[in-house]
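Analysis of the macromolecular model
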Amino acid sequence: MSRSVKKLTGLVAATFTPLTAEGEINLSVIGPYIDYLIEKQNIKSVFINGTTGEGSSLSVEERKQLAGAWCQYGRGKLEQVIVHVGCLSIKDCQELARHAASIGADGIAVTSPSYFKPINADALKLFIKEVSIFAPDLPMYYYHLPSMTGVAFDAADVLNGIEQVIPSFQGVKYTGTDLRDLGQCVSYSQSHNWSVLFGVDEQLLGALVLGAHGAVGSTYNYFGRVVNQMLAAFDDGNHMQARALQFESMEIITFAKNLGFDVAVNKQVMSEVSGLAMGPPRLPLLPCPVLKAQAIAQKIKDFSQGH
Ligand SMILES: CC(=O)N[C@@H]([C@@H](O)[C@H](O)[C@H](O)CO)[C@@H](O)CC(=O)C(=O)O
């Protein structure tokens, strides 16, 4: 990798993909969405086309158009646009990686394929390497997501020695709850100056204690401003304050989970809280009843107003 790397830290919003009522991608929302994240949520970096963004339900062409719009409208406003390029076909991953490099993205991330699965960490490393060579100058992040991919070998095993095969490797987005494995990722990353970003929003404080450098998550879209206060309290050594804020976010997420909190519900919640028209989810996800989203959104608004 030739250019110097901006280390990815702090809160990163895993963005939703705006769709029209007819189910087509709605690029007109991206500009106002970026302004909303910066002005109302104090969020300056995004992770697009991931789980929250229904990336696996989008065509390669749609993913390219979205990545193009995020990079175009985010230029000079956002600090980092990370493009998730994970797909079942390595050819699609490679095409998306090459495209991300051509539009000036700041990094790419890849999940493990989840239909034909790698048989071990070495096979997954090889897969990530074969994607990375299509964007050799872009920081590459492994997106560890065992709950969705079913690929559950330790992320630390994937990181171990990966710098020898992928010079552009820069860290891991860890969406899992195994704190032993997470800690080992942080430990290994230290000597490489890589980033470990945590992806379970309701457990972020535990990950910060272990040394995570930031977080990528859906809830930072609508309460990132308050979670930034939690990060500041933690950095100041005010653990009581940090814990109180994490408890409040836990309570909201638990409330939402008890109502059935999938990406479709989450997307409608974002529309209710932000006023941006995120539109429906794409099948197989089903639209969320508005009253359910409004109940969750009200909790979020109360949380935000209280801070
Ligand atoms: C499985 C899942 O969707 N996890 C979310 C979390 O932000 C999650 O919505 C939150 O912790 C609430 O459970 C993120 O990690 C996903 C994410 O970063 C992405 O959209 O790629």
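Residues numbered from 1 in each chain as written. Predicted model: local features only at pLDDT ≥ 70, side-chain atom pairs only at ≥ 80, totals over all residues. Heavy atoms only, no water.

With an unreviewed UniProt entry as reference, the protein is termed N-acetylneuraminate lyase, source organism Cirrhinus molitorella. Per UniProt, the comment on the protein under Subunit (unreviewed entry) is "Homotetramer." Per its UniProt entry, the protein bears the Catalytic activity (unreviewed entry) comment "aceneuramate = aldehydo-N-acetyl-D-mannosamine + pyruvate". (UniProt positions renumbered as here; feature names shortened; annotations may be inferred.)

Running from N to C, helix α9 (residues 220–235) and helix α10 (residues 239–258) cross one another at 150 degrees; their axes reach a closest spacing of 7 Å. Relative to α10, the element α9 is oriented roughly antiparallel. In terms of crossing hand, the pair formed by α9 and α10 is left-handed. Here F223, V226, Q229, M230, A233 and F234 of α9 come into contact with α10, specifically with H239, Q241, A242, L245, Q246, S249, I252 and I253. The class makeup of the residues in the contact of α9 with α10 is 9 nonpolar, 5 polar and no charged. (Axes fitted to C-alpha atoms, helices over the stretch in contact; angles between N-to-C directions. Helix = DSSP H or I, 4+ residues; strand = E, 2+ residues; numbered from the N terminus. Parallel < 35°, antiparallel > 145°, perpendicular 65-115°, else oblique. Left-handed = near helix turned anticlockwise from the far one by under 90°. Contact = heavy atoms within 4.5 Å. Nonpolar A, V, L, I, M, F, W, Y, C, P; charged D, E, K, R; others polar.)

Before going further, it helps to examine the pairing of strand β3 (residues 80–84). With 5 of its 5 residues buried, β3 lies for the most part within the structure. Here β3 shows two buried faces, one formed by Q80, I82 and H84 and the other by V81 and V83. For strand β2 (residues 45–48) and β3, the ladder comprises 4 bridges, and the chain directions are parallel. Each bridged residue has a counterpart across the sheet, and for F47 the counterpart in β3 is I82. When β3 meets strand β4 (residues 107–110), the two strands line up parallel, connected through 3 bridges. Bridge pairing in β4 places I82 opposite G107. Tracing the backbone out of β3, into helix α3 (residues 90–102) and back to the parallel element β4 gives a crossover that is right-handed. (Buried < 20%, exposed > 50% of the residue type's maximum accessible area, 1.4 Å probe, protein only. Pairing = 2+ DSSP bridges. Right-handed = clockwise from strand over helix to strand, strands pointing away.)

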